[in-house]
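Chains, contacts and geometry: an overview
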Amino acid sequence: KTTVLRVMAGIFEPVSGEVTIRGKVTPIFGITEGLDIDATGYEAIRLRGLMLGRSRKEIEDSAQEIADFTELGEYLYMPLRTYSAGMLVRLAFGIATSQSPEILLMDEIIGAGDAAFIDRAEARLQQFVRSSGIMVVATHSHGILEKWCNKAILLNHGRLAAMGDVKSVIA
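Residues numbered from 1 in each chain as written. Predicted model: local features only at pLDDT ≥ 70, side-chain atom pairs only at ≥ 80, totals over all residues. Heavy atoms only, no water.

Some details on the pattern of salt bridges
Under the counting rule described, the total for this entry stands at six salt bridges. The shortest N-O distance in the salt bridge between Asp61 and Lys57 comes to 2.8 Å. Highlighted residues: Asp61 and Lys57, both in helix α3 (residues 56-70), separated by four residues, approximately one helical turn. Take Asp61 and Lys57: they sit in the same class, and that class is exposed. Here Arg120 ties to Glu71 by a salt bridge, and the two come within 3.2 Å at their closest N and O atoms. Taken together, the positions of Arg120 in helix α5 (residues 115-130) and Glu71 in the loop between α3 and α4 (85-96) put the pair 49 residues apart, joining distant regions of the chain. You can call Arg120 partly exposed: its relative accessible area is 22%. (Salt bridge = Lys/Arg side-chain N within 4 Å of Asp/Glu carboxyl O. Helix = DSSP H or I, 4+ residues; strand = E, 2+ residues; numbered from the N terminus. Buried < 20%, exposed > 50% of the residue type's maximum accessible area, 1.4 Å probe, protein only.)

Here's the deal with the layout of surface pockets
The computed volume of the largest pocket comes to approximately 1,600 Å³. Considering the residues around the largest pocket, the lining is formed by 41 residues, among which Val4, Met8, Val136, Ile153 and Leu155 are closest to the centre. When residues of the lining of the largest pocket are traced back to their parent elements, those giving at least two are α1 (2-8), β3 (134-138), α6 (142-148), β4 (152-156), β5 (159-164) and α7 (166-170). (1 Å grid on protein atoms, 1.4 Å probe; cavity = no way out; pocket = protein on both sides within 12 Å on 5 of 7 lines; lining within 4 Å. Points joined across faces, edges and corners; volume = space filled by probe spheres on them.)

Here we look at the sheet that holds β3
In a beta sheet, neighbouring strands pair by backbone hydrogen bonds and run either parallel or antiparallel. Overall, parallel pairing links the three strands, which are arranged β1-β2-β3 in an open sheet. Each end of this open sheet is capped by a strand with a single partner; those strands are β1 (25-28) and β3. Looking at each pair of strands side by side, their axes are set apart by 15° on average, direction ignored. Pairing between β1 and strand β2 (residues 103-107): four bridges, direction parallel. Counted as the bridge partner of Val25 is Ile103 from β2. (Pairing = 2+ DSSP bridges. Axes fitted to C-alpha atoms, helices over the stretch in contact; angles between N-to-C directions.)

Structure below.
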C-alpha cells in the first residue's frame, strides 16, 4: 500500500504501466523525511513548504496559521530533535494541510498525538474533503474506510482484487 502511494506521489516510478495525476499532490507520510533534525520548527515549516512547491510568500503567510494549529508554541523555536513523535506529526500535518491540497495522500490516518489534536486533525480533514479535494488513504482499518472513504480498492499482493463502494469491497 505504501508503494502505491509513493508511485502516486512521484517518489517511485511505476515498474509497468503509467500513472496520470491531475492536480497538486500532497503526501503525508515519511513525517521526518527531508527534515533536518537540527532545524527549528519554524525552519521546518519553511523547508517543508519549499519542498511542497510553495513560494516563500505563501510559506510566510501561512506560518502563523500552522503554528496556531499545531499548538506547539515555544517549541517551534527549538530543534526538531527535541520533539516527540506526536509533536512531529502535529507539525508535519499542519504544514501539509495548510495549503488545501487538491489530492492528499495518507498512509493511515493520523494516530499520534493527544485526543484534542486528533479531533482538530479530523476536523481539518473533514474541511478538506468538503472543499472538493481527493483524499487517498492506505489502511487496513475497516473503520477508517467506512468513516472517510466513499470508494475503495483491495489489493492482494499488489494486484487489484476488488474495486467499488466501501461496503462492497470490505465484504
